Amino acid sequence: MIDLRSDTVTAPTPGMRQAMARAEVGDDVYGEDPAARALEERVAGLFGHEAALFAPTGSMANVLAVRTLVGVGEEVLCEASAHIARAELGAHTAYTGLGMRTWRHAEGGIDREAITEMFAPDLGPFFVPTTAISVENTHNFLGGTVQPIEDLHWLRGFADDQGCAVHMDGARIWNAHVATGVALADYGALVDVLAVCLSKGLGAPVGSLLVGSAEAIAESRIWRKRMGGGMRQIGILAAAGSYALDHHVERLADDHEHARMLAEAVGLDPDTVPTNIVVFSVDDAASYVAEAAASGVRVSAVGARTVRLVTHLGVTREDALRARDVLAAAR
């Protein structure tokens, strides 16, 4: 079975398993796990920030990150199909009491006019103020699209002019980096805080990191514990992340190539697929998914007439060629 439902379905490679087995560990709640500290320092440095914090999930990392910018009764703006709005089960409101308003963009991008109109300054105890704007890079539900760097520069300037902060859901920022050549530090310079994932394209079994200022990370360490995310000997997991950074970043270009091949098979222009996610329309998504599965390829229905497939570390060139034929026939 070729599993294209998500890039979260990968298993650790033999080399990664060896790195995990060799990891030097300590109690992370006490701040004494050397492998975790090394990973956090490394990732903070990659993005040009002061500190980072390991979290068990991307959703928790996002909740922690946004919480550092948006208080109770304040709001964050984001695109309507953003992961923080649609796929984190209302955790931001449930845990931190913030509000959220959204704009719509066909590719999940930054709508300058909409953001300008929606932004709510602090007018005292009468209206909800906007204290952060969130962007997702790459965008999950709208085809792995990359935020153009010029739009991110505009957003940073707008936020600075308004006294507002910027959050980035960078679960797949590694894909954006490989697809565009934009340095990770250049992305990091344009946001106040971001969350990055190790268990998607990089192929680690568990883990994301919150990246930001030393103050934001110190606060988030307390909140991580409050939310049940205090972990002990996490060096075994951190070692997997470090191995992934050493071995699995540049190979993301292979996933992007496979995604473009599959996009063409399902009737899309491959040039419209910048990274490893392909979203396409069919008459009946459930029937299409079932037919593909019967032929040995798993994909996901993400709407009544919308299907998503995601290439990843576990999909070889031969797998992609076979999947191409199955998906083309299923249409």
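Worth saying up front: this structure is predicted, and the values here are computed from it rather than measured.

A few words now on empty space enclosed by the protein. Summed over all chains, the structure comprises 1 cavity of 30 Å³ or more. Here the largest cavity is characterised by a volume of approximately 30 Å³. Along the walls of the largest cavity sit Cys-78, Glu-79, Ala-82, Trp-103, Gly-108, Ser-134, Val-135, Glu-136, His-139 and Gln-147, which together make up its complete lining. For the lining of the largest cavity, the secondary-structure elements that each account for two or more residues are strand E3 (75–79) and strand E5 (130–136). With 3 residues, E5 is the single largest residue contributor to the lining of the largest cavity. Taken together, the residues of the lining of the largest cavity sort by class into 4 nonpolar, 4 polar and 2 charged.

So, about the packing of helix H3 (residues 58–67) against helix H10 (residues 214–226). At a minimum axis distance of 10 Å, the contact between H3 and H10 shows a crossing angle of 130°. On the basis of their axis angle, the class for H3 and H10 is oblique. H3 and H10 meet at a crossing whose hand is right-handed. For the pair formed by H3 and H10, the contact residues are Met-60, Leu-64 and Arg-67 on the first element and Glu-219, Ser-220, Trp-223 and Arg-224 on the second. Each residue belonging to the contact of H3 with H10 can be placed in one class, and the counts come to 3 nonpolar, 1 polar and 3 charged.

Attention shifts here to the pattern of salt bridges. A complete count under the given rule lists 18 salt bridges for this structure. The salt bridge involving Arg-42 is made with Asp-246; its shortest N-O contact spans 2.7 Å. Note that Arg-42 is positioned in helix H2 (residues 34–46) and Asp-246 in helix H11 (residues 235–247), a separation of 204 residues in sequence. In this structure, the salt-bridge partner of Arg-156 is Asp-192, at a minimum N-O distance of 3.0 Å. Placement of the pair is Arg-156 in helix H7 (residues 149–162) and Asp-192 in the loop between helix H9 (184–188) and strand E7 (193–197), with a sequence separation of 36 residues. When its relative accessible area of 31% is taken as the criterion, Asp-192 is described as partly exposed. Linked through salt bridges whose partners overlap, the residues forming this network are Asp-28, Arg-37, Glu-40, Arg-221 and Arg-224.

Next up on the list: the nonpolar core. If you look at the biggest cluster of nonpolar residues, it comprises 53 residues, and the most contacted ones within it are Phe-47, Ile-173, Trp-174 and Val-196. The contact partners of Val-196, leaving out residues within four places of it in the chain, are Val-43, Phe-47, Gly-170, Ala-171, Ile-173, Trp-174, Ser-208, Leu-209 and Val-211. Membership of the second largest hydrophobic core comes to 25 residues, among which are Leu-4, Leu-262, Val-289 and Leu-309.

Before going further, it helps to examine the sheet that holds strand E9 (residues 277–281). Spatially, the 3 strands line up as an open sheet ordered E9-E12-E11, and their pairing is antiparallel. Pairing within the sheet leaves two strands with one partner each, and these edge strands are E9 and strand E11 (300–303). Across the sheet, the mean angle separating the axes of adjacent strands is 30° when strand polarity is ignored. Summarising the sheet, E11 and strand E12 (residues 306–310) pair through 3 bridges and their orientation is antiparallel. Of the residues in E12, the one forming a bridge with Ser-300 is Arg-308.

For the rest of this paragraph, the subject is the layout of surface pockets. One number sums up the size of the largest pocket: a volume of about 320 Å³. Taken together, 21 residues make up the lining of the largest pocket; nearest its centre are Glu-107, Leu-142, Gly-143, Thr-145 and Thr-272. When residues of the lining of the largest pocket are assigned to their parent elements, the largest contribution, 5 residues, is made by E9. Of the residues belonging to the lining of the largest pocket, the class tally is 10 nonpolar, 9 polar and 2 charged.

The rules we used
Residues numbered from 1 in each chain as written. Predicted model: local features only at pLDDT ≥ 70, side-chain atom pairs only at ≥ 80, totals over all residues. Heavy atoms only, no water. 1 Å grid on protein atoms, 1.4 Å probe; cavity = no way out; pocket = protein on both sides within 12 Å on 5 of 7 lines; lining within 4 Å. Points joined across faces, edges and corners; volume = space filled by probe spheres on them. Helix = DSSP H or I, 4+ residues; strand = E, 2+ residues; numbered from the N terminus. Nonpolar A, V, L, I, M, F, W, Y, C, P; charged D, E, K, R; others polar. Axes fitted to C-alpha atoms, helices over the stretch in contact; angles between N-to-C directions. Parallel < 35°, antiparallel > 145°, perpendicular 65-115°, else oblique. Left-handed = near helix turned anticlockwise from the far one by under 90°. Contact = heavy atoms within 4.5 Å. Salt bridge = Lys/Arg side-chain N within 4 Å of Asp/Glu carboxyl O. Buried < 20%, exposed > 50% of the residue type's maximum accessible area, 1.4 Å probe, protein only. Core = buried A, V, L, I, M, F, W, Y, C linked by side-chain atoms within 4.5 Å. Pairing = 2+ DSSP bridges.

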